Each structure stands twice: as C-alpha cells, then as structure tokens.
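What follows is each chain in one-letter form.
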Amino acid sequence: MSLTVRGISYVTGETEDEALARDLRAIRADLHCTAVQLIGTDIGSQLRAARAALDEGLDVYVRPYLADRPRAELLAHLTEMAAGAEELRARYPGRVTLLVGSEFSLTQGGMLPGPKVFVRLQFLLRWRRLFDRRITRKLRRLLAETLATARGVFHGPVTYAAGYWEQVDWSDFDIVGVNLYRFGDDPAAYERGLDALLRRAEAAGKPVVITEFGCGAFRGAERRGPGSFRIVRWFADPPRIKPGHERDEGTQAAYLGELIGLYAARDVHGCFAYTFAMRDFPHHDDPSLDLDMAGFGVVKVPHDDLSEWRPKEAFAEVARRYA
C-alpha cells in the first residue's frame, strides 16, 4: 500500500470518553488506519479526542469547523485551536497536522450568496460557475489570513480541506488537501482530475492528501457522491427518504474501495474516508426513515441508541484495503 496516510474522519464532541476510546480503538485496530481527521467546533472536545487518538497510536489531523460566523470569530477560534495543537505537537513530534478549515467558500459568508450554509449550498449546486471568480478572489484573502494566524502559533505542518471547486494557491501550505468526491457517470473524468491535481502538486513540491471522499449506502449513490444526502426530505417531520431509493451497502463499499485503490495506484500521499459515523443520519428498520442510507458513515448508528453502532459493508472494505 503506497498510501502513507490511511485515515478516516471523525466528528468530535458527540460521545462520552468511554465511547470515544472504543471508536478510536476500532479505527486503529479494526479499520487499520494510521491517522484520524478530527472535525469539531468545540475546542476542548477536539483536543481531548486528539490526545486520546495519539495515545492510541493514530496520527492526528485537527480540523476546526466554525460555519456562519464573523471573520474575527473564525480567526480567534483558529488561534485557540492552533495553540492547543501546538502543545500536542510538542508532546507528540511529527504526528500532528493542523487544517485551517474546510470549504470556506461554502461555510463562510461573502463568496456565495446566502446567510447560511444551507442557502449557499443551493447556489453552489445550481449556479456556482457564475461565482467562480469571486470565490477565488475572496478565498485567496481568507486563506492568507488563516494561514498567517495558524503559523503564528502552530509550528507543524498546515493544510486546508479545499472543496473540489475551489482554486487554491498551495505555495505556502505544507500539504495539498482536497475534498475530492467522485460523482456523475464518467469515472474517467475523476481520474483525469486527480492526475491533474497530482501534477500541480508535484510541480509545487507538495504531497497530496484527499481530505474527504465518500457516498451514501443506496443504489445509485456512486453517481451522487457528495450529494447523497439530497435523497432526504429534510423539511418533513420527521425527515424521510424520498420514494424510489433502495438501501444498498455494497454501493458505498465499492465506491470507497475503488477510490482507495486508485489513490494507492497513483501514489497519493494519503486519504481520509468520509466518515466513521453520522449520528444525525441514524439507521431505522423502516426504509422511509432510514437516514443512514443517505449518510456517509462506515458504521450505522441505531435511531434508538445513538451511543451504539454496527459496521456496514463499507467498514469491512476500508479495513481490507488499508490492511
């Protein structure tokens, strides 16, 4: 396996310490991951999870998430997170990487119309090309600010989880990080895009880490990729799966397995499958209420006990590939 970083993402702040330790053991021992990407808004929870992961033997990518907040608050949050990450880096040399954020054109206002992520997402999906130049211009400024903020406190490797549509100047980052989902009916186009990304990174002398990739667990999810969640009627009470969709864990497993194999064949430095668990997409025996079908977790969380989980076919496939 040529992938140096074999990872999965994990949302922090959703479990007690005992459940967190259980999950991290499974990520290390059962999924055979070498690293975990910790995504969270609460700094204390994120740093506790990072310490637990490092003690478990996992390298850590710390990814703060703060959406729909003023620029000053975003930078203050990053400063505090970077300080905590620096303490961990000093204690665990060579094992901590900091992300300044992810998909800022979607999560932060000003690049796409809309006051909230959900509204901006609609513009992104329908009319993004009308805003590409504005996204690139404003994103460049924000990345310069966040990178300077991180570098002022954290002295380890720094990267960013870019949306696949974002044009990023990676010159001052240590790693090229991209959320690179495959979707549509032309897998060859995805391979061409990956090859182009690798050529640009090689010219800049930077390793590439795919910071997100994944899809849902239903037939046809491999063509929807990051849009798998759109099979849910979110404004229904409770939210329901739209008619005509059938659960199929094999689709998700094949998608993840194929992309991990592709990354290994192309000598990508690392990748993080998205994601370990999605507790806000619980599994239900009633197919119309089975939100897990539209989620990206490699484990399914029962709707009546969000502290538990069971592995899906994708779990076994990621474990097989990483092993």
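Residues numbered from 1 in each chain as written. Predicted model: local features only at pLDDT ≥ 70, side-chain atom pairs only at ≥ 80, totals over all residues. Heavy atoms only, no water.

1. A word on the overall build of the protein chain
Cut-off, in case you're wondering: For helices the rule is a DSSP run of H or I covering at least 4 residues; for strands it is a run of E covering at least 2, with both sets numbered from the N terminus onward. Throughout this description, buried means an accessible area under 20% of the type-specific maximum (1.4 Å probe, protein chains only), exposed means over 50%, and partly exposed covers the range between. Residue exposure ignores everything except the shown protein chains as possible cover, and the areas themselves are Shrake-Rupley values with a 1.4 Å probe. Positive charge is attributed to Lys and Arg, negative charge to Asp and Glu, and no charge count is given to His or to the chain ends. To locate a charge, the coordinates of NZ of Lys, CZ of Arg, CG of Asp or CD of Glu are taken.
What the protein chain contains, in helices and strands, is ten helices and twelve strands. Looking at the 323 residues of the protein chain, the share that counts as buried comes to 54%. Counting only carbon and sulfur atoms, one obtains 49% of the accessible surface of the protein chain, whose full area is about 14,100 Å². Averaging the positions of the 44 positive and the 45 negative side-chain charges in the protein chain gives two centres separated by 7 Å.

2. Side note on the nonpolar core
Selection criterion: Nonpolar cores are built from buried Ala, Val, Leu, Ile, Met, Phe, Trp, Tyr and Cys residues. Side-chain atoms within 4.5 Å join them into one set.
Counting residues in each nonpolar core, the largest one holds 102 residues, and the members touching the most others are Ile27, Leu31, Tyr160, Ile210, Tyr263 and Phe276. Looking at which element gives the most residues to this core, the answer is helix H9 (residues 249-265), with eight residues. Residues Leu99, Ala161, Ile175 and Val209 belong to the second largest nonpolar core, which totals eight residues.

3. Some words on the environment of Pro187
Residue position: Pro187 is located in helix H7 (residues 187-204). Here Pro187 falls in the partly exposed class, since its relative accessible area comes to 44%. In this structure, the C-alpha to C-alpha distance between Pro187 and Arg69, residues 118 residues apart in sequence, is 36 Å.

4. Focus on helix H3 (residues 71-91)
Put simply, the rule reads: A helix is expected to span 1.5 Å multiplied by its residue count minus one. Contacts are assigned to residue pairs with any non-hydrogen atoms lying within 4.5 Å of each other.
Here H3 contains 21 residues, and its C-alpha end-to-end distance of 30 Å stays within 8% of the 30 Å for a straight helix at 1.5 Å per residue. Among the residues of H3, those classed as buried are Leu74, Leu75, His77, Leu78, Met81, Ala82, Gly84, Ala85, Glu86 and Leu88. On its buried face, H3 is in contact with helix H2 (43-56), strand E3 (59-64), strand E4 (96-102), helix H4 (104-107) and helix H6 (132-151).

5. Considerations on the sheet that holds strand E5 (residues 158-163)
Short version of the rule: Here a strand pair is declared whenever DSSP counts at least two bridges between the two strands. Note on definitions: angles span 0 to 180 degrees between N-to-C directions of axes, and those axes are lines fitted to C-alpha atoms, for helices only across the stretch in contact.
Pairing is parallel around the closed barrel formed by eight strands, whose spatial order is E1-E2-E3-E4-E5-E6-E7-E10. On average, each strand axis in the sheet is inclined to that of its neighbour by 25°, with strand direction left out of account. In this sheet, E4 lies alongside E3 in parallel orientation, the contact comprising three bridges. Residue pairing in the sheet places Val60 in a bridge with Val96 of E4. Contacts from H7 reach strand E6 (176-179) and strand E7 (208-212) within the one sheet, and its direction differs from that of E7 by about 135°.

6. Quick look at a nonpolar patch on the surface
Cut-off, in case you're wondering: Each patch is built from residues lacking any salt bridge and having more than 30% relative accessible area; the joining distance is 9 Å for like charges and 5 Å for nonpolar side chains (Val, Leu, Ile, Met, Phe, Trp, Tyr). We define a salt bridge as a contact between a side-chain nitrogen of Lys or Arg and a carboxyl oxygen of Asp or Glu at a distance within 4 Å.
A surface patch of nonpolar side chains, amounting to about 430 Å² of accessible area, comprises Phe118, Val119, Trp234 and Phe235. By the secondary structure assignment, Phe118 is in helix H5 (residues 117-127). For Phe118, a relative accessible area of 44% corresponds to the partly exposed category.

7. What to know about the side chain of Glu317
Structurally, Glu317 is set in helix H10 (residues 313-322). Residue classification places Glu317 among the buried residues on the basis of a relative accessible area of 15%. Those residues within four positions of Glu317 in sequence are excluded, and the remaining contacts are Ala253 and Gly257.

8. Some words on the pairing of E4
Rule in force here: The handedness of a crossover follows from its direction of travel: if, with the strands pointing away from the viewer, the path from the first strand over the helix to the second runs clockwise, the crossover is right-handed.
Here E4 lies mainly inside the structure; seven of its seven residues are buried. Viewed along the sheet, the connection from E3 through H3 into E4 turns out right-handed. In this structure, E4 lies alongside E5, joined through three bridges in parallel fashion. Residue pairing across strands places Leu99 opposite Thr159, the latter belonging to E5.

9. Looking at H5
Inclusion rule: It is the directions from the helix axis to the C-beta atoms whose arc is reported.
For H5, the set of buried residues is Val117, Arg120, Leu121 and Leu124. The arc that holds the buried residues of H5, viewed along the axis, is 110°, so those residues lie on one side. Contacts from the buried residues of H5 go to H4.

10. Topic: the packing of H3 against H6
Convention followed: When an angle is under 35 degrees it counts as roughly parallel; over 145 it counts as roughly antiparallel; between 65 and 115 it counts as roughly perpendicular; any other value is oblique. The sense of a crossing depends on the near helix, which, turned anticlockwise from the far helix by less than a right angle, makes the crossing left-handed and, turned clockwise, makes it right-handed. Only Asp, Glu, Lys and Arg are considered charged in this grouping, and only Ala, Val, Leu, Ile, Met, Phe, Trp, Tyr, Cys and Pro are considered nonpolar; every other residue, Gly among them, is considered polar.
Contact pair H3 / H6: the axes reach a minimum separation of 9 Å and the direction vectors enclose 30°. Taken together, H3 and H6 sit at an angle that is classed as roughly parallel. Note that H3 runs across H6; the crossing there is right-handed. On the side of H3, the interface is formed by Arg71, Leu74, Leu75, Leu78, Thr79 and Ala82, while H6 contributes Leu142, Glu145, Thr146, Thr149 and Ala150. Counted by class, the contact of H3 with H6 contains six nonpolar, three polar and two charged residues.

11. Quick word on the pairing of E6
In E6, alternate side chains face the same way, and those of Val176 and Val178 on one face and Gly177 and Asn179 on the other are all buried. Relative to E6, E5 is paired through two bridges, and the arrangement is parallel. Each residue of the ladder has a partner; that of Ala162, found in E6, is Val178. With four bridges connecting them, E6 and E7 associate as parallel partners. For Val176, the partnering residue across the bridge sits in E7 and is Val208.

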